[in-house]
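What the coordinates show
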Amino acid sequence: PFEIMSYSIIDRDVGPDPNYKPPPKGMYRGKYEECYSFYEAYNKCHKENKVSRLLGACSPQKSAVDKCNQEQLHRRRREGAEKARIKNAKWNEYYNAKRKKEMVIETKKE
């Protein structure tokens, strides 16, 4: 006969976050909040032009959304690179200071 496992997923300490609240219905779920107005215009165009959207009626709005997303992506990449540059400079400063101490200790031993 098969034995039933003595534990289940429910018994474990892991589980859904009790503080999680789903976003309100209709909230923007795109990548960047800065592009919300473009995204709204694009969705409005799609709702109003059921057939003509297939022929490119909403292309300008889509281009605006894409351009905004791309600008935000590049901006965030620049910010991330700047943060990394600062962090690396601090690390290099610490590492070089530590290396100097080690070199001084080695020269004293000799």
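Figured I'd write up the structure that's included with this text.

Rules of the game
Residues numbered from 1 in each chain as written. Predicted model: local features only at pLDDT ≥ 70, side-chain atom pairs only at ≥ 80, totals over all residues. Heavy atoms only, no water. Salt bridge = Lys/Arg side-chain N within 4 Å of Asp/Glu carboxyl O. Helix = DSSP H or I, 4+ residues; strand = E, 2+ residues; numbered from the N terminus. Buried < 20%, exposed > 50% of the residue type's maximum accessible area, 1.4 Å probe, protein only. Contact = heavy atoms within 4.5 Å. Polar contact = N/O pair within 3.5 Å; in protein donor to acceptor, adjacent residues only side chain to side chain. Phe/Tyr/Trp six-rings, centres within 6.5 Å; stacked < 30°, edge-to-face > 60°.

Another point: the pattern of salt bridges. Side-chain pairs of opposite charge can arise whenever the charged atoms involved come near each other. Under the definition given, this model contains 5 salt bridges. Linking Arg76 and Glu34 is a salt bridge whose minimum nitrogen-to-oxygen distance equals 3.6 Å. Here Glu34 lies in the segment before helix H1 (36-48) and Arg76 lies in helix H2 (residues 59-109), a separation of 42 residues in the sequence. Look at Arg76 and you get partly exposed, because its relative accessible area is 38%. Take Glu34: its relative accessible area is 40%, and that puts it in the partly exposed class. Put simply, Asp66 and Lys62 hold a salt bridge, and the shortest N to O gap is 3.2 Å. Taken together, the residues Asp66 and Lys62, both in helix H2 and 4 residues apart, mark about one turn of the helix. On the basis of relative accessible area, Asp66 is assigned to the partly exposed category, the value being 36%. Connected through shared salt-bridge partners, Glu34, Arg75, Arg76 and Glu79 make up one network.

Here the focus is the environment of Glu34. Along the chain, Glu34 and Asn69 lie 35 residues apart, while their C-alpha atoms are 8.5 Å from each other. If we ignore the near neighbours within four places in the chain, the residues touching Glu34 are Cys68, Gln72, Arg75 and Arg76. Within the local environment of Glu34, its side chain forms a polar contact with the side chain of Arg75, the two groups lying 3.1 Å apart.

Another aspect to go through is the packing of aromatic side chains. Using the criterion set out here, one finds 2 aromatic pairs in the structure. Arranged with centres 5.5 Å apart and planes meeting at 40 degrees, the rings of Trp91 and Tyr94 form a pair that is tilted. You can see Trp91 and its partner Tyr94 sitting in helix H2, 3 residues apart, about one turn around the helix. The exposure class of Tyr94 is partly exposed, given its relative accessible area of 46%. Cluster of aromatic residues (ring-pair linked, three or more members): Trp91, Tyr94 and Tyr95.

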